[in-house]
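As a plain string of letters, each chain reads:
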Amino acid sequence: MKKIGDSTRSVHVSAEPDKYTGSVQMPIYQTSTYVQEDFAIHKGYEYARTHNPTRALVEAAIAELESPDVPAYGTAFASGMAAITTITQMLESGSHIIAASDLYGGTARLFDQILSKFGIETTYSNLNEGELEKCATENTKMLWLESPTNPLLEIHDIEKLSNIAHKNGWIVVVDNTFASPILQRPLEHGADIVVHSTTKYIAGHSDLIGGCVITRNREIDEQLKFLQNALGAVPSPMDCFLTLRSIRTLAIRVERHCDNAEKLVKKLSQHPKITRLLYPGLKTHNGHDIAKKQMQRYGGMISIEVIGGEQGARKFASASKLFATAESLGGVESLINHPWSMTHAAIPKKRRESIGITPGLVRLSVGIEDFEDLWDDIVNALECI
Ligand SMILES: *Cc1c(COP(=O)(O)O)cnc(C)c1O
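Rules used in this analysis
Residues numbered from 1 in each chain as written. Predicted model: local features only at pLDDT ≥ 70, side-chain atom pairs only at ≥ 80, totals over all residues. Heavy atoms only, no water. Pairing = 2+ DSSP bridges. Helix = DSSP H or I, 4+ residues; strand = E, 2+ residues; numbered from the N terminus. Axes fitted to C-alpha atoms, helices over the stretch in contact; angles between N-to-C directions. Contact = heavy atoms within 4.5 Å. Buried < 20%, exposed > 50% of the residue type's maximum accessible area, 1.4 Å probe, protein only. Salt bridge = Lys/Arg side-chain N within 4 Å of Asp/Glu carboxyl O. Polar contact = N/O pair within 3.5 Å; in protein donor to acceptor, adjacent residues only side chain to side chain. Left-handed = near helix turned anticlockwise from the far one by under 90°. Nonpolar A, V, L, I, M, F, W, Y, C, P; charged D, E, K, R; others polar. Core = buried A, V, L, I, M, F, W, Y, C linked by side-chain atoms within 4.5 Å. 1 Å grid on protein atoms, 1.4 Å probe; cavity = no way out; pocket = protein on both sides within 12 Å on 5 of 7 lines; lining within 4 Å. Points joined across faces, edges and corners; volume = space filled by probe spheres on them. Phe/Tyr/Trp six-rings, centres within 6.5 Å; stacked < 30°, edge-to-face > 60°. Expected span 1.5 Å × (residues − 1).

Peer 1: What exactly am I supposed to notice about the sheet that holds strand β3 (residues 121-125) here?
Peer 2: Spatially, 7 strands are ordered β1-β7-β6-β5-β4-β2-β3 in an open sheet, and the strand pairing comes out mixed. Of all the strands in the sheet, the pair left with one neighbour each is β1 (73-77) and β3. Each adjacent strand pair in this sheet contributes to an overall mean axis angle of 20°, direction not counted. One ladder, built from 5 bridges, connects β1 with strand β7 (residues 211-215); its direction is antiparallel. Bridging from a neighbouring strand, Phe77 pairs with Gly211 of β7. Where helix α4 (residues 105-114) meets the sheet, it contacts β2 (96-100), β3 and β4 (140-146), and its direction lies at approximately 135° from that of β3. Together, β1, β6 (193-197) and β7 form the strand contacts of helix α8 (residues 218-231), whose direction differs from that of β1 by roughly 20°.

Peer 1: How should helix α9 (residues 237-247) be read in this particular structure?
Peer 2: The α-helix winds at 3.6 residues per turn, so residues separated by three or four positions along the chain end up facing the same way. Those residues of α9 lying buried are Pro237, Cys240, Thr243, Leu244, Ser246 and Ile247. Elements that come into contact with the buried residues of α9 comprise α1 (6-12), α2 (53-66) and α10 (250-268).

Peer 1: Whenever I open this one, the pattern of salt bridges confuses me. Can you help?
Peer 2: If charged atoms from side chains of opposite charge come close, those side chains can pair. Applying the stated criterion across every chain yields a total of 16 salt bridges. We note a salt bridge from Glu188 to Arg185, for which the minimum N-O separation is 4.0 Å. Look at Arg185 and you get buried, because its relative accessible area is 15%. The closest approach of N and O atoms between Asp370 and Arg256, which form a salt bridge, is 3.4 Å. Highlighted residues: Asp370 in the loop between β12 (361-365) and α14 (371-383) and Arg256 in helix α10, separated in sequence by 114 residues. Taking the relative accessible area as the measure of exposure, Asp370 reaches 48% and is therefore partly exposed. Shared partners join several salt bridges into a network, and the residues in it are Asp6, Arg9, Arg185 and Glu188.

Peer 1: What should I look at first to understand the environment of Ser365 in this one?
Peer 2: Position of Ser365 among the secondary structure elements: in strand β12. Using a relative accessible area of 1% as the deciding quantity, one classes Ser365 as buried. For Ser365, the residues in contact, after removing those within four places along its chain, are Gly300, Met301, Phe323, Leu329, Gly330, Glu333, Ser334 and Leu335. Of the polar contacts made by the side chain of Ser365, one reaches the backbone nitrogen of Gly330; its length is 3.0 Å.

Peer 1: Explanation requested: the packing of helix α3 (residues 80-88) against α4 in the structure shown.
Peer 2: To characterise two packed helices, one gives the angle between the axes of the helices and the distance between these axes. α4 packs onto α3 with a crossing angle of 35° between their chain directions and a minimal axis gap of 11 Å. Here α3 runs over α4; the crossing is right-handed. The segment α3 lies against α4, with Met81, Ile84, Thr85 and Thr88 engaging Gly106, Thr107, Leu110 and Phe111. Taken together, the residues that form the contact of α3 with α4 break down as 4 nonpolar, 4 polar and no charged.

Peer 1: What should I look at first to understand the nonpolar core in this one?
Peer 2: As a rule of thumb, nonpolar side chains are buried together in soluble globular proteins. Ile247, Leu264, Ile302, Ile304, Phe316 and Leu364 are the most contacted members of the largest nonpolar core, which totals 58 residues. Sorting elements by how many residues they give to this core places α10 first, with 8 residues. Not counting residues within four places of it along the chain, the set of residues in contact with Ile304 comprises Ile274, Arg276, Leu277, Phe316, Gly360, Leu361, Val362 and Leu364. Ranked by size, the runner-up nonpolar core spans 25 residues in total, among them Ala99, Phe111, Ile120 and Ile220.

Peer 1: What exactly am I supposed to notice about the packing of α2 against α9 here?
Peer 2: Interaxial distance between α2 and α9 falls to 8 Å at its minimum, and their mutual angle equals 35°. In this structure, the crossing between α2 and α9 has a hand that is left-handed. Contacts from Thr54, Arg55, Leu57, Val58, Ala61, Ile62 and Leu65 of α2 reach α9 at Pro237, Cys240, Phe241, Thr243, Leu244 and Ile247. Split by residue class, the contact of α2 with α9 holds 10 nonpolar, 2 polar and 1 charged.

Peer 1: Mind showing me how you'd approach the pairing of β7 here?
Peer 2: On a regular strand, one side chain projects to one face of the sheet and the next to the other, so that they alternate. Across the 5 residues of β7, 5 count as buried, placing the element largely inside the fold. Both β6 and β7 contribute to a ladder of 5 bridges, which runs antiparallel. Looking across to β7, one finds that Val195 is bridged to Val213.

Peer 1: Can you help me understand empty space enclosed by the protein in this one?
Peer 2: Rolled over the atoms, a probe with the dimensions of a water molecule shows which regions are left empty. For the structure shown, the criterion picks out 2 cavities of 30 Å³ or more. Lining the largest cavity are 14 residues, with Val58, Ala76, Thr198, Gly211 and Thr243 positioned closest to its centre. Only α2, β1, β7 and α9 provide two or more residues apiece to the lining of the largest cavity. Ranked by residue count, the leading element in the lining of the largest cavity is α9, at 3 residues. Here the lining of the largest cavity is built from residues that sort into 9 nonpolar, 4 polar and 1 charged. As a volume, the second largest cavity reaches approximately 60 Å³.

Peer 1: Honestly, the packing of aromatic side chains in this entry has me stumped. Any pointers?
Peer 2: Where two aromatic rings form a pair, the distance of their centres and the angle of their planes describe that pair. Across all of its chains, the model carries 3 aromatic pairs by this definition. Consider the rings of Phe111 and Trp144, whose centres lie 5.3 Å apart with planes at 85°: the pair is edge-to-face. Note that Phe111 is positioned in helix α4 and Trp144 in strand β4, a separation of 33 residues in sequence. The exposure class of Trp144 is buried, given its relative accessible area of 0%. Consider the rings of Tyr279 and Tyr298, whose centres lie 6.5 Å apart with planes at 70°: the pair is edge-to-face.

Peer 1: Got a minute to help me understand α2 in this structure?
Peer 2: For α2, which comprises 14 residues, the first-to-last C-alpha distance of 20 Å matches the rise-based estimate of 20 Å (1.5 Å per residue) to within 8%. Counting buried residues in α2 gives 11 out of 14 residues, a clear majority hidden from the surface. Here α2 starts with a cap whose side-chain oxygen sits 2.9 Å from the backbone nitrogen of Thr54, and that cap is Asn52.

None of this, on its own, says anything about what the molecule does.
Written out as C-alpha cells, the structure reads:
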C-alpha cells in the first residue's frame, strides 16, 4: 500500500462514520455501563472503566500515529502521570529503573517519593558512553528515556540505548511528549513502550489533561490493559473526544510550531541578553546529529538562559505580552515556564544546579501565532531585562 503523509493520517485515523446514523464523527459515549441481554451476555461492553468506544478510538488513533507501518496498541489514561504510573506498575517490588537525569519533574517525583516506598529504586544517569552498564544492577528491569528532554532539550540516541538495554533484557520506555508522533516515533528506533502526556501537543489546546501509552508488544499491551482497568486512572469520554478532534490538526499544528521555533532560534542566536540558547536544530547543539537521525524536525520548544538570573527571567516573562507565564506546553498559544521555580522546583536544588537548570533559564513553548508578532514580543521582552 502506498504510504500516506502525516496530515492525511492525522485527519483519517479512527475516522469511521457512525454505523447507525452515518455521522461523520463518532458520538461521545457518555455512559458508565451497558445493558446486557441476559446475565453476562453483552456486546463486548460491560462497564466503562474497562471499555468505552470513544476511548478505544483515540487509543487506536495514537497507536497508528506512533506506528503507522506495524500494528501497535494504545491505552489511554486520565493524565500523563497516570500513564507513567501505570507503566511502572508492571514492575515488581525490588526492581531497579535506570532513568535519564534530565527527566520531567513529576516523573522524578513519582520515582523518588512514591515508587521508593514500594521497593522500586531508580538510578539517574547522563547516559553517556559506558554509563548505562555502570548503573545497572542484577535487578534492573527498565530504562526510562525522554528525548528531547525537559527543559534542557537534550537528545538521547534511542536506537543505541535500546540495543544496549535489550542485550540486558530491560524494557525501554520513551516519553515522547516533547516531540509528538509527527516528529519522532521511538518504536521505530527500538523502544518497547512510548508514553505521552496528551495534555501537550496531541490535545494541543491547553484545555484537557490526558495520557497515552503505545506498544507493539502484545504481552506488554495485555499487562497495560489489565492495569488500566485494575488501577482505574481512565480518561473521560469527553476528553477522549476532544483529543481525537485535536489529532485531526496535529500534523499542521506541529509544522507551524516548528516553523516558528526555527525562525526564532535563527534570530535569537546572537542576542546579547541571552547567555545560552538550547534547541536541537542548532548545529552547535551537542545532540544535533542524533536528533537529525531520529527526528523529522526539531520541535516547538526552546530553552534560553537570560542575563540577570532569576530577576532577569522574571523581567523577561512579565514584559512579554504574547507568551503567558504558565506551566505546560504544546498548546496553540505561546507559553513561558521558569523551570527553576515552577515545573522543576521539586528536584533538590543541588541536582537542579548540577544538571544545568539555572535560575536564569526560561523554557519557551512556541505557539502557532504569526511569527512576526512573536518576534516583536520577544525582542521587546528581552529589552526589558
Ligand atoms: C506534562 C508532562 C508529563 C506529565 O503529564 P500530565 O498530563 O501533566 O500528567 C510527563 N512527561 C512530560 C515530558 C511532560 O511534559
